[in-house]
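Structure assessment
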Amino acid sequence: MARLPAGIRFIISFSRDQYRAFIFILTFLLYASFHLSRKPISIVKGELHKYCTAWDEADVRFSSQNRKSGSAAPHQLPDNETDCGWAPFDKNNYQQLLGALDYSFLCAYAVGMYLSGIIGERLPIRYYLTFGMLASGAFTALFGLGYFYNIHSFGFYVVTQVINGLVQTTGWPSVVTCLGNWFGKGRRGLIMGVWNSHTSVGNILGSLIAGYWVSTCWGLSFVVPGAIVAAMGIVCFLFLIEHPNDVRCSSTLVTHSKGYENGTNRLRLQKQILKSEKNKPLDPEMQCLLLSDGKGSIHPNHVVILPGDGGSGTAAISFTGALKIPGVIEFSLCLLFAKLVSYTFLFWLPLYITNVDHLDAKKAGELSTLFDVGGIFGGILAGVISDRLEKRASTCGLMLLLAAPTLYIFSTVSKMGLEATIAMLLLSGALVSGPYTLITTAVSADLGTHKSLKGNAHALSTVTAIIDGTGSVGAALGPLLAGLLSPSGWSNVFYMLMFADACALLFLIRLIHKELSCPGSATGDQVPFKEQ
C-alpha cells in the first residue's frame, strides 16, 4: 500500500464517491498545467520573428530624406532585439529554426515516453509525477529567462526544449494510471472524454497567459506557466492518492467477511447477508474499482482496507508483453498520425492565423484557442458515442473520415475572413481532437486492463506509455514537416495533414471490421480481440 500524502488529513472524512471526484479534479488540473506550459512556444513564435516590411519601408523613406538633407541618424532598437525579432530567429530561415525547437521537444518526449511508462510502473506515482512537474516548471521558466539574460544561442533553447520534453513524459502515464485505478470500465468513454478536456483547457489557459505578455515581455510568457506547473507539483505531492486501496472507502464493519489478495495489499471485503442485497447485481464499474481481477460478488459499501501481509505481488509487464495485447499496435499507429495532425495545429496555428488573417501575435493566440474549445466538445462527443455503441475503433474511424474534407475546407475557407476562420476552427478542433482524446484515454485504459493480462494491474502505465509514445513520434514529425513545407505555401501543409488523417484511418480498418462483424463488442476484453 502506497504511503499516504501529507495533505490526506484534510480530506480524511471523504466518502468513496467524494474521493473519486477529488482525484478526477486533481488529475485534471495536474495535466492541464502540463499543457499550459507547452503552449507558450507557439504563441511567442510571432514575436521571435517579426515581419520587417514596415521597418524596411520606413528605412527607404528615411534614407531618401537623409540623402536630400545630407544627414543620417539610424533608428534605435532595444538592446535585445533586431528589426525582425529575436536573434537567431530573425533570419530568413526562421521557420526551420522554430520547427527545430518543436522537433527537439517532441522527439525527446516521444523517446522518453517509452521509458517513462516502464519506470512509472516501478515507482510510486506521486513521487514520480511530483518530480516531473517540478523539473518541467524549472525548464519551462529557463526558456523564458533567455529573454531577461539576453541569450541568443540557438543551442541554449534547443537543450532546454529537449530536457523539458524528457521530464514531461512523467505526466501522462501517471495521471491515466491513477484515474484508471479509481474508475472502472462503466461509462469510461464519457468520464475520460470529459476528463481529457484538460488538454484543451490547458492549451486555452496557456495561450491566454502567454498572450498577455507576448508583445511586451515574452520571457514572462514562459516564466509564469513554469511557476504554475511547479506549484501544481507541490499540490500533487501533498494530495495525490494513487489507488483506492490506499484509503478506507467505508468504515462499515460487520461479522461476515471474505478476504481477497490484491498485490501486496489484502482487501477484506465485509458483506452483510441481507435478502435485499443477496441477488443485487454489482455495478461493473464498482467491481473493477474494488477488485483488479473483477472476480467475486461484493457490495461496494462494505470495504475495509487492511495493511499488506508481505505478499509477493504482481510483476510489472514487460515492453514486449504489452505489445502483444490485442489492439495496442493498431491504435498506437493510428494515434501516430492523429497526433501529427493535432500537434501541427498546436504549434503552428497561431503563426498561420497571423499570416492569413494578418493579426498580431496576441490576437492570433487568442483566436487559436477556439480550436481547443472545439476539441473539448469533440472529446466528450467521442466518449459518449463510443460508450453508447460500445465501438471505440468505429467511433474514431468516423471522426477521422469526416476530418479529412474538413481540413481541406479549412485551408480554403479560412482565407475568406475572420468569421469563416472561427467556424472552421471549432469544427476542425472537434473532429481532430475526438479520436486523439478517445485513444489516449478510454482506449488506453481498456487495453491496459485487457482480460489477457489476467488481472495484472501493473500494465496500465506501460500500455499508456507505448500508445502515447508512438503518438508522440507523429507529434514530433507534424511540426517539423510544417516548418519545412510552410515556406512553399500553407496549402502544402494542409495536404500533408489530410494525408496523415487518411493514414490514421487506414490503421483502424481491421479493428473496425471486427467491431462491425461482432455486434456489441468493445475495445478491451470482448470478442473482436483474440488473445495471443
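Check the entry above for the structure.
Here the structure is a predicted model, which is why all the values come from computation and not from measurement.

Looking now at a nonpolar patch on the surface. A cluster of nonpolar side chains, contributed by Tyr-127, Leu-134, Ile-234, Phe-237 and Leu-238, occupies part of the molecular surface with about 410 Å² of accessible area. The set of elements that each furnish at least two residues to the nonpolar patch consists of α5 (125-148) and α10 (220-239). If one sorts the elements of the nonpolar patch by residue count, α10 sits on top with three residues. Position of Leu-238 relative to the elements: it lies in helix α10.

Another aspect to go through is the pattern of salt bridges. Pairing of side chains with opposite charge becomes possible as their charged atoms draw close. Summed over the entire model, instances satisfying the criterion amount to eight salt bridges. With a closest N to O distance of 3.0 Å, Lys-91 and Asp-90 form a salt bridge. Relative accessible area serves as the criterion here: at 46%, Lys-91 is assigned to the partly exposed category. Judged by relative accessible area, which is 12%, Asp-90 ranks as buried. In this structure, Glu-330 and Arg-510 form a salt bridge, with 1.9 Å as the shortest nitrogen-oxygen distance. Of this pair, Glu-330 sits in helix α14 (residues 328-357) while Arg-510 is found in helix α20 (residues 509-517), placing the two residues 180 residues apart along the sequence. Residue Arg-510 is classed as partly exposed on the basis of its relative accessible area, which comes to 40%.

With 31 residues, helix α17 (residues 418-448) should reach 45 Å at 1.5 Å per residue; the first-to-last C-alpha distance of 43 Å fits that figure. The buried fraction of α17 is high, at 25 of 31 residues.

The rules behind these values
Residues numbered from 1 in each chain as written. Predicted model: local features only at pLDDT ≥ 70, side-chain atom pairs only at ≥ 80, totals over all residues. Heavy atoms only, no water. Patch = residues over 30% accessible without salt bridge, like charges linked within 9 Å, V, L, I, M, F, W, Y side chains within 5 Å. Areas by Shrake-Rupley, 256 points an atom, 1.4 Å probe, with all protein chains shown as cover. Salt bridge = Lys/Arg side-chain N within 4 Å of Asp/Glu carboxyl O. Helix = DSSP H or I, 4+ residues; strand = E, 2+ residues; numbered from the N terminus. Buried < 20%, exposed > 50% of the residue type's maximum accessible area, 1.4 Å probe, protein only. Expected span 1.5 Å × (residues − 1).

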